[in-house]
Amino acid sequence: MHVLVSGGAGYIGSHTVLALVRAGHSVVVVDDFSNSKPAVMGRLAALAGREIPLHVFDLTDRDKTDRLFASEQIDAVVHFAGFKAVGESVEKPLAYYSNNLDTTFSLLRAMERHGTRKLVFSSSATVYGPRSKLPYREDDDVPIEAVNPYGRSKVMLEHILTDVAHAVPGMKVALLRYFNPVGAHPSGTIGEDPGGIPNNLVPFIAQVAVGRREKLRVFGGDYPTPDGTCIRDFIHVEDLAEGHVAALEYLERATEPARAFNLGTGQGTSVLEMLHAFERAVGRPIPYEIVDRRPGDLPVSYADVSRAKAELGWQATRTIDDMCADAWRWQSHNPNGYPDA
């Protein structure tokens, strides 16, 4: 299948590009490098054993998006492109709503015009809110109720994509709700390289371990959990990438226009448990301090992954020790992340 990967130079996108190539698909990437670096493309080519065609522009440009579809054979789209930092979305809600919706509108118009009818969408576990029951199920009878602009943009897009899938003959959409992606390619060649101060736990731990930051700040030690810290469902990015391949192949046989899937492990791991797993990977203690809770954090979040297993034929197989070992290999080989262009 000829697959367009939007945001394919990003953290999850780059790993998914490789998973698609391994599965025998032909891949084209579009990315404006607003949240990634061009250096990743050379590394992808080396790992894939071939050049990955690249188009560099902002997908909110509808004319350029249409010309891309006119110039390439595109059977399906895996759509990652968008802003993704929860905290920043609270500070800049208009930017998040505008970018995340407009990129998707641009893609959908081009897909409809050029006959592309398969879409795998990068959604998020942030669509679940405080009233959702644990473990989170895709068919939870409580309406999804994200608590920040980033999550709400995903909720909106899930509704929009579902409406479009029902309206456009032959359109099939898989909505993939990620939990907490961590880890890196086992080669240590590609991995997570956040700009500025990391928003997520594991890259922050990795930067402390490599000496870029003094210590980890753990937000809250008094939650109603066994060790007082938040519990999350961490998933290896390689498992997540393979989930996208399974979702793409599912669309070939899908009977519903749109279907949501949780991609996680179904297991909860606390912040301190993840920290200690990273210490095992590094071989020494990592300094940390417990500070005040961060507004908006839920005490516990983990997935029911039975639908993905039953319908996609996919399940995560890598452990938190695998995640930390691979993340440390990436960070220790690339202490400052990818080189600048």
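Residue positions are counted from 1 within each chain, in the order its sequence is given. Totals for whole chains, interfaces and linings use every residue, but because this is a predicted model, local features are given only for residues with pLDDT of at least 70 and side-chain atom pairs only at 80 or more, for both listing and counting. Side-chain figures throughout are based on the complete set of non-hydrogen atoms in the structure, without hydrogens or water.

The name that an unreviewed UniProt entry assigns to the protein is UDP-glucose 4-epimerase, with the source organism given as Pseudonocardia thermophila. Regarding the protein, the relevant UniProt record gives this comment under Subunit (unreviewed entry): "Homodimer." Regarding the protein, the relevant UniProt record gives this comment under Sequence similarities (unreviewed entry): "Belongs to the NAD(P)-dependent epimerase/dehydratase family." UniProt positions are given in the numbering used here, feature names are shortened, and annotations may be inferred rather than shown by experiment.

With that out of the way, let us pick up the overall build of the protein. Working definition: helices are DSSP H or I runs of at least four residues, strands are E runs of at least two. Numbering for both runs from the N terminus. For the protein, the count of helices and strands is 11 helices and 13 strands. Split into buried and exposed, the 341 residues of the protein put 52% on the buried side. In what follows, a contact means two residues having at least one pair of non-hydrogen atoms within 4.5 Å. Here the analysis covers contacts within the protein between residues at least 6 apart in sequence; of these, 80% occur between residues at least 24 apart. For the area figures, the Shrake-Rupley method with a 1.4 Å probe applies, and any residue is considered shielded solely by the protein chains shown. Accessible area of the protein: about 14,300 Å², with a carbon and sulfur share of 50%. Positive residues here are Lys and Arg, negative ones are Asp and Glu, while His and the chain termini are left out of the count. For charged residues, the charge sits on one atom: NZ in Lys, CZ in Arg, CG in Asp, CD in Glu. One way to put it: in the protein the 35 positive side-chain charges average out to a point 1 Å from where the 43 negative ones average out. Residue burial is assigned from relative accessible area. The probe radius is 1.4 Å, only protein chains are included, and a residue is buried under 20% of its type maximum, exposed over 50%, and partly exposed in between.

Here we take up the packing of aromatic side chains. Within 6.5 Å between ring centres, the rings of Phe, Tyr and Trp (the latter by its six-membered ring) count as paired, and their orientation is classed by plane angle as stacked under 30 degrees, edge-to-face over 60, tilted in between. A complete count under the given rule lists 7 aromatic pairs for this structure. With centroids separated by 5.2 Å and ring planes inclined at 80°, the aromatic side chains of tyrosine 250 and phenylalanine 261 adopt a geometry described as edge-to-face. In this pair, tyrosine 250 is assigned in helix H8 (residues 237-251) and phenylalanine 261 in strand S11 (residues 258-263), connecting sequence segments 11 residues apart. Judged by relative accessible area, tyrosine 250 falls into the buried class, the value being 7%. Counting every residue linked through ring pairs, the aromatic cluster contains Tyr128, Tyr136 and Phe179. Between the NZ or CZ atom of arginine 213 and the centre of the ring of phenylalanine 204, over which it lies, the distance is 5.8 Å. Charge over a ring is defined by NZ of Lys or CZ of Arg lying within 6 Å of the ring centre and within 35 degrees of the ring normal.

What follows covers the sheet that holds strand S4 (residues 76-79). Two strands qualify as a pair provided DSSP detects at least 2 bridges between them. The strand order across the open sheet formed by 7 strands is S3-S2-S1-S4-S5-S6-S11, and the pairing between neighbours is parallel. Looking along the sheet, the strands with just one partner apiece sit at the ends: strand S3 (54-55) and S11. Across 3 bridges, the pairing between S4 and strand S5 (residues 118-124) is parallel. Residue valine 78 lies in a different strand from S5, and its bridge partner there is valine 120.

What follows concerns the pattern of salt bridges. Note on definitions: salt bridges are taken to be side-chain nitrogens of Lys or Arg within 4 Å of carboxyl oxygens of Asp or Glu. Across all of its chains, the model carries 19 salt bridges by this definition. For aspartate 193, the salt bridge identified is with lysine 37, shortest N-O distance 3.7 Å. Taken together, the positions of aspartate 193 in the loop between strand S7 (180-182) and helix H7 (201-209) and lysine 37 in the loop between strand S2 (26-30) and helix H2 (39-48) put the pair 156 residues apart, joining distant regions of the chain. With a relative accessible area of 19%, aspartate 193 lands in the buried category. Between arginine 293 and aspartate 222 there is a salt bridge, and its shortest N-O distance comes to 2.9 Å. With arginine 293 in the loop between strand S13 (288-291) and helix H10 (306-312) and aspartate 222 in the loop between strand S8 (216-219) and strand S9 (231-232), the pair connects residues that are 71 residues apart, well separated along the chain. Linked by salt bridges that have partners in common, Arg22, Glu238, Asp239, Glu242 and Arg318 make up one network.

Turning our eyes to something else, we now look at the side chain of glutamate 192. Mapped onto the secondary structure, glutamate 192 falls in the loop between S7 and H7. Lysine 84 provides the closest opposite charge to the buried, unpaired glutamate 192, separated from it by 4.9 Å. If we skip the residues at most four places from it in the chain, glutamate 192 touches Tyr11, Pro181, Asn200, Pro203 and Trp330.

With that settled, the discussion passes to helix H3 (residues 62-71). Counting along an α-helix, one turn takes 3.6 residues, and residues three or four places apart therefore face a common direction. Taken as a whole, H3 has its buried residues at Thr65, Leu68 and Phe69. Seen along its axis, H3 keeps its buried residues to an arc of 95°; they face one direction. In H3, those exposed residues whose orientation departs by more than 90 degrees from the buried face are Asp63, Arg67, Ala70 and Ser71. Looking at the buried side of H3, the elements it contacts are strand S1 (2-6), S2, S3, S4 and helix H5 (93-114). Identification of polar contacts relies on pairs of N or O atoms within 3.5 Å, with a donor-acceptor requirement for protein atoms, meaning one able to donate a hydrogen and the other able to accept it, and with residues adjacent in sequence counted only if both atoms are side-chain atoms. Sitting at the head of H3, aspartate 61 places a side-chain oxygen 3.2 Å from the backbone nitrogen of aspartate 63. What the arc covers is the set of directions going from the helix axis to the C-beta atoms.

To continue, consider the side chain of serine 6. Within the fold, serine 6 resides in strand S1. Residue serine 6 is classed as buried on the basis of its relative accessible area of 0%. Among the polar contacts made by the side chain of serine 6, one reaches the side chain of histidine 79 at a distance of 2.7 Å. Contact partners of serine 6, with chain neighbours within four places excluded, come to Val30, Leu59, Val78, His79, Phe80, Ala81 and Leu107.

With glycine set apart, most residues show a phi of negative sign, and most peptide bonds adopt trans. The omega torsion of the bond from leucine 134 to proline 135 falls at -10°, within 30 degrees of zero and hence cis. Among the structural elements, proline 135 can be located in the loop between S5 and helix H6 (149-167).

Bringing H2 into the picture now. Of all the residues in H2, the buried ones are Val40, Met41, Leu44, Ala45 and Ala48. End-on view of H2: buried residues confined to an arc of 140°, all on one side of the axis. On its buried side, H2 packs onto helix H1 (11-22), S2 and S3. Phi turns positive, to about 75°, at glycine 49, one or two residues after H2.

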